[in-house]
Amino acid sequence: MAEGKCPVVHNVASGGTKITDWWPGRLRLNILRQQNAVSNPLDRDVDYRKAFASIDYQQLKKDIAAVMTDSQPWWPADFGHYGGLFIRMAWHSSGTYRVFDGRGGGGQGQQRFAPLNSWPDNVSLDKARRLLWPVKQKYGQKISWADLLLLTGNVALESMGFKTFGFSGGRTDTWEPDQATYWGGESAWMGNDVRYAGASPSDPKAHAEGLETPVAASHMGLIYVNPEGPNGNPDPVAAAEDIRVTFGRMGMNDEETVALIAGGHSFGKTHGAAGGDYQGPEPEAAGLEAQGLGWKGSYQTGVGKDAITSGLEVTWTKTPTHWSNKYLEYLFKYDWELEKSPGGANQWVAKTNDLIVPDAFDPNKKLKPRMLTTDLSLRFDPAYEKISRRFLADIDQFADAFARAWFKLLHRDLGPRSLYIGPEAPKEDLIWQDPIPAVNYPVIDASDVANLKKSVLGAGLAPNKLISAAWASASTFRGSDKRGGANGGRIRLLPQRDWPVNNPAQLAEVLKVLETVQAAFNKSASGGKQVSIADLVVLGGTAAVEQAAGQAVPFLPGRADASQEQTDVESAAFLEPNADGFRNYGKSSDRGRTEEQLIDRAQLLNLTPPELTVLIGGLRVLDINYDGSKTGVLTDKAGVLSNDFFINLLNMATEWRPATNDKIPDSYVGFDRATGQERWTASRVDLVFGSQAELRALAEVYASSDGGEKFVRNFIAAWTKVMNADRFDVKV
Ligand code: HEM
């Protein structure tokens, strides 16, 4: 090499070797600062809910409906109708939702961005979104892409004769790829078995249940399962086990699952015109001239009859653009024979001479009914079969089940019903919405709040127990699907009151006292005023923080108490944290160290890195560890809201060593360097604020001589944010 000549080999656009290339296990603090104001082009004062309300909604629906049959030469519509394609677009937008962390789903319009825009399962949905661009352009910021993609699914169904259950708008768009969602650890699309623990594929049930948490799809790049069967094995019974697990993780039971698959596949067709490598690169990898589209087909015309999407070539019914129960009828009427699609994929053809299914582009051609392996699961899995036969016998029941399951699919991550907007928002309470009764009594005022604070603080409970209970209640909130939070008072109900992280015995003690205070207040309050336990839990914790801080902490009343009957115990169980660093609860696993799990929870709570930091420092000195331990309580005056945690953590007089006691694997001991005396114990979560460079930088701010007042102020703000995270009733 000539001296002085730079050996440039890097692609500059890639930014060179990144920090995460050198240290892949680095904490992902980036997920706490994504989707912020700098990426959002909309004016700060834009209120999307108001903008949506100003739309001529019926005209919007008409405009969307007009797109359905306005076939474009660059992507001709099958059977002259884009309905099937648009249903699939809406289903794939919302079907990424998973119960464990509430992430995925259609709530942010993420299908526009990587990786979802380029997932193998989303082939051709780039065209679907582009077909909608004129409508999006016409309505501008009055409708988000997130809402438009889902509403279009509804309009598609309605335009083909199906009565939907309703629609609510209200999803605001994001402007960059979401990086918080763990889609799996694979580096290749569609890898087999990578995300399944140990269990042998010869036991399909055990195998399916071994799917890694929190993912809900059987392969990287798929919305749910392989349509050809597990790992391409065309076994409908084994496929059913995969379907049950993956749809279960979407929050759907067997009945909803059958309704969705049978309902969805009553429309449209699959696309696999030919075998071979005819698809160009996906949108993220395609050239500039593709203008964001991908998978350019090179088989003959590449579009229409020559289109390749999944590589399967199936049209399910004789009425692919009209609602009917023909899908279920054929499923049971015919015997099915395995065949290969022109693309070489496993699919099933009816053993019949009935040529009753139309061709998408040739009116003179008729075909035999066909099915995917996963369709046959609805007949050959005994539990699915019962439901399918019931639906076949009663199309109204089928239609109702499909309409409700479809509505749930689209609205699962939109939050409580109080957030629904638009003329088609259904009024019925549905259990999966975690309903909270309306407040139909006068709410406590400022002087009641002052008196109640006195009553609660004077009832003999240790302040840290009150703070723990309030934190336990409010911190269940997750911004991903807007579930959890203090409103509803579900902390006093099953399953929450029994979660180990909540220290059930201590929580019961607090609740008992609060119930006594509530009863006394409600009996004697003037003007029919009442206070809920939901409010009292937060008020108690807030009063105790106020005492510890020596200054006022805001409290916003108006929460209501839900009943046990209004609570789906099984579904609420998904809000239970495996680990909660805020209370030093939980252990590291090979899937995630406790500090990583802390960052994940902080993201669900919509916290920024400084908010996370100040909360940890504050909650430690307030002494609210779930088990009452002194781990990380780096202060000699526990219960006083001071910046001691940071001062002591960063104090070089202490030397930290891993604890030698195997029983506490994640714990550390701090020794006085001068005397060798044990001074503190701490967890990984505690020490990460001194060891991780960015968190340490924040800790330094709070540990500085001018950081004390700021610390208290910031803690109060972050505490108040968490307490009110679910107060959609007052924010909107
Ligand atoms: C199309 C698989 C569930 C609605 C397809 C295609 C596949 C597939 C492979 C063909 C894509 C193409 O080549 O164009 C599956 C599997 C499912 C499932 C494995 C679950 C086990 C659903 C659900 C819905 C749905 C729940 C909606 C409620 C549709 C529609 C089409 C379709 C409407 C036709 C698309 C068109 O006409 O272009 N599905 N699907 N599917 N799917 Fe599904």
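These figures come from a predicted structure and were not determined experimentally.

### Some remarks on the site of the ligand
Taken together, 25 residues sit near the ligand, with His-265, Lys-269, Thr-270, His-271 and Ser-310 positioned nearest. For the ligand, a nitrogen atom lies 3.3 Å from a polar atom in the side chain of Trp-91. Between the ligand and His-271, the relevant distance is 2.6 Å, taken from an oxygen atom to a side-chain nitrogen or oxygen of the residue. Secondary structure elements with two or more residues in the shell around the ligand: helix 4 (83-94), helix 9 (254-264) and helix 13 (395-411). Among the elements that take part in the shell around the ligand, helix 4 stands out by supplying five residues, more than any other. Split by residue class, the shell around the ligand holds 14 nonpolar, nine polar and two charged.

### Focus: the packing of helix 19 (residues 594-604) against helix 22 (residues 684-691)
In a packed pair of helices, the relevant descriptors are the angle between the two axes and the axis-to-axis distance. Following both chains from N to C, one finds helix 19 and helix 22 inclined at 85°, their axes separated by 8 Å at the closest point. In terms of orientation, helix 19 and helix 22 fall into the roughly perpendicular class. In this structure, helix 19 uses Thr-594, Glu-595 and Leu-598 to contact helix 22, whose residues at the interface are Arg-684, Val-685, Val-688 and Phe-689. Each residue belonging to the contact of helix 19 with helix 22 can be placed in one class, and the counts come to four nonpolar, one polar and two charged.

### Side note on the pairing of strand 2 (residues 346-350)
Most of strand 2 sits out of view: five of its five residues are buried. Side-chain alternation along strand 2 places Asn-346, Trp-348 and Ala-350 on one buried face and Gln-347 and Val-349 on a second face that is also buried. Bridge count between strand 1 (residues 336-340) and strand 2: five bridges; the pairing is antiparallel. Looking at strand 2, one finds that Glu-337 is bridged to Val-349. Bridge count between strand 2 and strand 5 (residues 370-371): two bridges; the pairing is antiparallel.

### Observations regarding the environment of Leu-461
Among the structural elements, Leu-461 can be located in the loop between helix 14 (446-457) and helix 15 (463-474). You can call Leu-461 buried: its relative accessible area is 8%. Between the alpha carbons of Leu-461 and Asp-627 there is a distance of 16 Å; along the sequence they are 166 residues apart. Ignoring sequence-local partners within four residues, the contact set of Leu-461 consists of Leu-466, Glu-509, Val-510 and Val-513.

How each quantity is defined
Counting restarts for each chain: residues are numbered from 1 in the order of the written sequence. Only residues with pLDDT of at least 70 are given local features in this predicted model, and only at 80 or more are side-chain atom pairs given and counted; all residues enter the totals for whole chains, interfaces and linings. Neither water nor hydrogens contribute to the side-chain values; these are computed over all heavy atoms in the structure. Summary of the distance rule: residues count as near a molecule or strand when at least one heavy atom falls within 4 Å of that molecule or strand. Any N or O atom pair separated by 3.5 Å or less is treated as a polar contact, with the protein-specific requirement of one donor-capable and one acceptor-capable atom, and with residues adjacent in sequence counted only for side-chain atom pairs. The way it works is that DSSP assigns letters per residue, a run of H or I at least four long becomes a helix, a run of E at least two long becomes a strand, and they are numbered from the N terminus. Gly is placed with the polar residues, together with every amino acid not listed as nonpolar (Ala, Val, Leu, Ile, Met, Phe, Trp, Tyr, Cys and Pro) or charged (Asp, Glu, Lys and Arg). Structural elements are reduced to axes, namely lines fitted to C-alpha atoms, with helices fitted over the stretch in contact, and the angle between N-to-C directions of any two is expressed from 0 to 180 degrees. Note on terminology: angles under 35 degrees are roughly parallel, angles over 145 are roughly antiparallel, angles of 65 to 115 are roughly perpendicular, and the others are oblique. Should any heavy atoms of two residues lie within 4.5 Å, those residues are counted as being in contact. Partly exposed residues are those whose accessible area sits between 20% and 50% of the maximum for their type, while under 20% is buried and over 50% is exposed, using a 1.4 Å probe and protein chains only. When DSSP finds two or more bridges between two strands, those strands count as paired.

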